[in-house]
Amino acid sequence: MKKVLVATDKPFAKVASDQIRTLITEAGFECLFLEKYPDQQALMNAVTDVDAIIIRSDIIDKAVMDQAGKLSIVVRAGAGYDNVDLSAATEKGVVVMNTPGQNSNAVAELALGMMVYQARNHFNGSSGTELFGKKLGIHAYGNVGKHVARIAKGFGMKVYAFDPFVSKEAMEDDGIISMETVEALYAGCQYVSLHIPANEKTKKSINFDLLSSMPANAMLINTARKEVICEEGLQRVFETRKDFNYVSDVAPDCKAALEPFNDRLFVTPKKMGAQTAEANINAGIAAANQIIAFFKNNVTTFKVN
Ligand code: 3PG
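Residues numbered from 1 in each chain as written. Predicted model: local features only at pLDDT ≥ 70, side-chain atom pairs only at ≥ 80, totals over all residues. Heavy atoms only, no water.

## As for the overall build of the chain
Here is step 1: Across its full length, the chain holds 11 helices and 12 strands.
Here is step 2: Computed over C-alpha atoms, the radius of gyration of the chain comes to 20 Å, within 12% of the 19 Å expected from 2.2 N^0.38 for 305 residues, which places it in the range of a compact globule.
Here is step 3: By principal-axis analysis of the C-alpha atoms, the chain measures approximately 60 × 45 × 35 Å.
Here is step 4: For the chain, the proportion of its 305 residues judged to be buried stands at 49%.
Here is step 5: When contacts within the chain are restricted to residue pairs at least 6 apart in sequence, those whose partners lie at least 24 apart make up 64%.
Here is step 6: Carbon and sulfur atoms make up 52% of the accessible area of the chain, which totals about 13,800 Å².
Here is step 7: On the chain, the mean spot of the 33 positive side-chain charges and the mean spot of the 35 negative ones are 2 Å from each other. (Helix = DSSP H or I, 4+ residues; strand = E, 2+ residues; numbered from the N terminus. Rg over C-alpha atoms; globule rule 2.2 N^0.38 Å. Buried < 20%, exposed > 50% of the residue type's maximum accessible area, 1.4 Å probe, protein only. Contact = heavy atoms within 4.5 Å. Areas by Shrake-Rupley, 256 points an atom, 1.4 Å probe, with all protein chains shown as cover. Lys, Arg positive; Asp, Glu negative; His and termini not counted. Charge placed at Lys NZ, Arg CZ, Asp CG, Glu CD.)

## Section: the pairing of strand S4 (residues 73-76)
Here is step 1: Side chains Ile73 and Val75 project from S4 onto one buried face, and the interleaved Val74 and Arg76 project onto a second face that is buried too.
Here is step 2: With 4 bridges connecting them, S4 and strand S5 (residues 95-98) associate as parallel partners. Residue pairing in the sheet places arginine 76 in a bridge with asparagine 98 of S5.
Here is step 3: Taken together, S4, helix H4 (residues 86-92) and S5 form a β-α-β motif whose crossover is right-handed. (Pairing = 2+ DSSP bridges. Right-handed = clockwise from strand over helix to strand, strands pointing away.)

## Things to note about the site of the ligand
Here is step 1: Near the ligand you find Lys10, Arg56, Ser57, Arg76, Gly78, Ala79, Gly80, Asn103, Arg225, Lys271 and Ala274, and these make up its full shell.
Here is step 2: Measuring from an oxygen atom of the ligand, one finds a backbone N or O atom of alanine 79 at 2.7 Å.
Here is step 3: Glycine 80 places a main-chain nitrogen or oxygen 2.8 Å from an oxygen atom of the ligand.
Here is step 4: Alone, the ligand offers 320 Å² of accessible surface; in the complex the protein occludes 95% of this.
Here is step 5: For the shell around the ligand, the per-class residue count stands at 2 nonpolar, 4 polar and 5 charged. (Near = heavy atom within 4 Å. Polar contact = N/O pair within 3.5 Å; in protein donor to acceptor, adjacent residues only side chain to side chain. Nonpolar A, V, L, I, M, F, W, Y, C, P; charged D, E, K, R; others polar.)

## What to know about helix H5 (residues 104-119)
Here is step 1: For H5, spanning 16 residues, the distance from its first C-alpha to its last is 23 Å, which sits close to the expected 22 Å at 1.5 Å a residue.
Here is step 2: Those residues of H5 not exposed but buried are Ser104, Ala106, Val107, Ala108, Leu110, Ala111, Leu112, Met114, Met115, Gln118 and Ala119.
Here is step 3: The positive-phi residue at the C-terminal boundary of H5 is asparagine 121, with phi of around 55°. (Expected span 1.5 Å × (residues − 1).)

## Details of unusual backbone geometry
Here is step 1: In the Ramachandran plot, histidine 122 falls in the positive-phi region, its phi being about 55° despite a non-glycine side chain.
Here is step 2: Mapping histidine 122 onto the fold places it in the loop between H5 and strand S6 (135-139).
Here is step 3: Using a relative accessible area of 22% as the deciding quantity, one classes histidine 122 as partly exposed.
Here is step 4: A positive phi angle is found at asparagine 298, which is not glycine, with a value near 60°.
Here is step 5: Tracing the sequence through the fold places asparagine 298 in the segment after helix H11 (277-297).
Here is step 6: The class for asparagine 298 is exposed, based on a relative accessible area of 56%.

## Describing the sheet that holds strand S7 (residues 158-162)
Hydrogen bonds along the backbone pair up the strands of a sheet, which may run parallel or antiparallel.
Here is step 1: If you walk across this open sheet you meet the 7 strands as S8-S7-S6-S9-S10-S11-S12, and the pairing is parallel. Two strands bound the open sheet, and with one partner strand each, they are strand S8 (177-178) and strand S12 (265-267).
Here is step 2: Bridge count for S6 against strand S9 (residues 191-194) is 4 bridges, and the pairing is parallel. Counted as the bridge partner of leucine 136 is tyrosine 191 from S9.
Here is step 3: The strands touched by helix H6 (residues 143-154) within the sheet are S6, S7 and S9, with S6 carrying the most contacts at an inclination of about 170°. (Axes fitted to C-alpha atoms, helices over the stretch in contact; angles between N-to-C directions.)

## Points about the packing of aromatic side chains
Here is step 1: Under the counting rule described, the total for this entry stands at 6 aromatic pairs.
Here is step 2: Where phenylalanine 29 meets phenylalanine 295, the ring centres are 5.7 Å apart and the plane angle is 75°; that geometry is what we call edge-to-face. In this pair, phenylalanine 29 sits in the loop between helix H1 (14-26) and strand S2 (30-35) while phenylalanine 295 sits in helix H11, placing the two residues 266 residues apart along the sequence.
Here is step 3: Look at phenylalanine 29 and you get buried, because its relative accessible area is 9%.
Here is step 4: Ring geometry for tyrosine 117 and phenylalanine 123: centres 4.9 Å apart, planes at 90°, overall edge-to-face.
Here is step 5: When its relative accessible area of 21% is taken as the criterion, tyrosine 117 is described as partly exposed. (Phe/Tyr/Trp six-rings, centres within 6.5 Å; stacked < 30°, edge-to-face > 60°.)

Have a look at this one:
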């Protein structure tokens, strides 16, 4: 009997875990859970004889794959798969998939929620500002970016986007203004919401020049990855501009150094963009179904390696 391990240091909502267990069991497989584990060794111990793993931001590196001798497939229940060593997986013949779009609305709602929280001075009762009529730049118009655009339009924001992989026409169809360069997006929009993946091209790409070019009372919203930010640049912008705000679902490594700017900074205590029951159900069920379809019918939709 095939063994499917759900290895989530940050567990799914119980309602999602229950549905995943039922689905996998009814498909004739064994379903095991490893949640809130103490260290990477616990993950290594749990993978020894499993055929498939469902993960979130859990690290699946070469060491884990070396330990998992029977492993055929890893499904990242979510969008970003920068936590999986794709070359090691490919070398070992392990298929890696993600579940694009399944948790996007949850992440987008958090982005807008953090914008309101910061614009209203952390809900401290003092006079803040409104989002209505302000310019929002969406950096990468993918699944999350599209939800952010939809919600921001409801707030009455003017929405712009930069994405070299999405046509101007497609953006215009959605009522979004397409920006031709990333520089124009940052220079033109008071608010910029980040939705780029972390890869060799994007790491540290959000730098001092881009951030310092933003209009007055700038706010950068990061529900993507901390690695895409050039932290030296971020610190310098905080030091040189008294009107720069940063809200993030991913704590920067330099968080302690940003302490003096706490009124212009908000960081969630733990990455929680995708942490809703709905997103957990959508992404978890999609991951389980992808594993079942892979073992039963060799379906490899959403394979990323
Ligand atoms: C993703 O890439 O899907 C999001 O960053 C959510 O990550 P999480 O599943 O660890 O919350």
